[in-house]
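# Close look at the chain arrangement
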Amino acid sequence: KEVKRDIEYITREQYYEILELCFTIRDKLIVAFMFEGELRLSEVLGMHIEDLEIWDNKINIVHRDNLQNGARVKNNAEGYIFLPEYVMDLLSEYILTELDEYDTNFLFVNLNGKNKGKPMKSITVQKLFERFSREMGIQVHPHMCRHGFATERLEAGWQLIDIKDALRHTHISSTDIYT
């Protein structure tokens, strides 16, 4: 028996609204990586600075075992993404203004509190999205960014196989939920 489920996603307008609610460049980048880069939260939080090819607008998705924040690349689905120029500009600004004081390989670290300078964990971003939900008056969660990317591309006429490749799904059936 085939079960159809509704996909929860954010629109581009909601994405821009979320960006406006961010207090730090880091938070804007995390949201942008998930929406514009079609990434899972865990993939974003597992990124290292060495994964960046800023000169080419390219971000490598690298599988790593046993990271201290528990982040991982699902199904070892390594690959790469290209991000729009405005996201890469944000990335450069973040590295120069918010990340520069920390001695870390991780791209996304806690900027304050008792874990300042340590790699972010997913619960931190989930709490951020809880704030977004309260302020927007609708329920949003991190994976809705990835779904927003896929839905936007489908509506723009992309073929399902191209969306599958962009999302790095192993099977087309995982991507078929968007139809």
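One can find the structure itself at the top, above this paragraph.
What counts and how
- Residues numbered from 1 in each chain as written.
- Predicted model: local features only at pLDDT ≥ 70, side-chain atom pairs only at ≥ 80, totals over all residues.
- Heavy atoms only, no water.
- Axes fitted to C-alpha atoms, helices over the stretch in contact; angles between N-to-C directions.
- Helix = DSSP H or I, 4+ residues; strand = E, 2+ residues; numbered from the N terminus.
- Left-handed = near helix turned anticlockwise from the far one by under 90°.
- Contact = heavy atoms within 4.5 Å.
- Nonpolar A, V, L, I, M, F, W, Y, C, P; charged D, E, K, R; others polar.
- Buried < 20%, exposed > 50% of the residue type's maximum accessible area, 1.4 Å probe, protein only.
- Core = buried A, V, L, I, M, F, W, Y, C linked by side-chain atoms within 4.5 Å.
- Pairing = 2+ DSSP bridges.
- Arc of directions from axis to C-beta.

A word on the packing of helix α2 (residues 25-35) against helix α4 (residues 85-99). Direction vectors running N to C along α2 and α4 enclose 145°, while the axes themselves pass 9 Å from each other. For α2 against α4, the interelement crossing comes out left-handed. Taking contact as the criterion, the partners of I25, R26, K28, L29, A32 and F33 in α2 are, on α4, V87, L90, L91, E93, Y94, T97 and E98. Split by residue class, the contact of α2 with α4 holds eight nonpolar, one polar and four charged.

Let us look at helix α1 (residues 12-21). Of the residues making up α1, those classed as buried are R12, Y15, I18, L19 and L21. Buried-residue contacts for α1 involve α2, α4, α5 (122-136) and α6 (143-155).

Right, let's get into the nonpolar core. Ranked by internal contacts, the top residues of the largest apolar core, which has 49 residues, are F33, F108 and F132. Those elements giving two or more residues to this core turn out to be α1, α2, α3 (41-45), β2 (58-61), α4, α5 and α6. The leading source of residues in this core is α2, at eight residues. In contact with F33, other than residues within four places in its own chain, are E38, L39, V44, M47, I59, L83, V87, L91, L107 and F108. Grouped together as the second largest cluster of nonpolar side chains are seven residues, F149, A150, I163 and A166 included.

Moving on: the sheet that holds strand β1 (residues 52-53). Read from one edge to the other, the open sheet built from three strands follows the order β1-β2-β3, with strand pairing classed as antiparallel. Every other strand in the sheet has two partners, leaving β1 and β3 (79-82) as the edge strands with one partner each. Taken together, the four bridges between β2 and β3 define a ladder with antiparallel strand orientation. Within the sheet, the bridge partner assigned to I59 lies in β3 and is I81.

What follows concerns helix α7 (residues 160-167). Residues of α7 that are buried: L160, I163, K164, A166 and L167. Seen along its axis, α7 keeps its buried residues to an arc of 165°; they face one direction. Tucked inside the fold, the buried residues of α7 contact α6 and α8 (172-175). Just downstream of α7 lies R168, where phi reads positive at about 60°.

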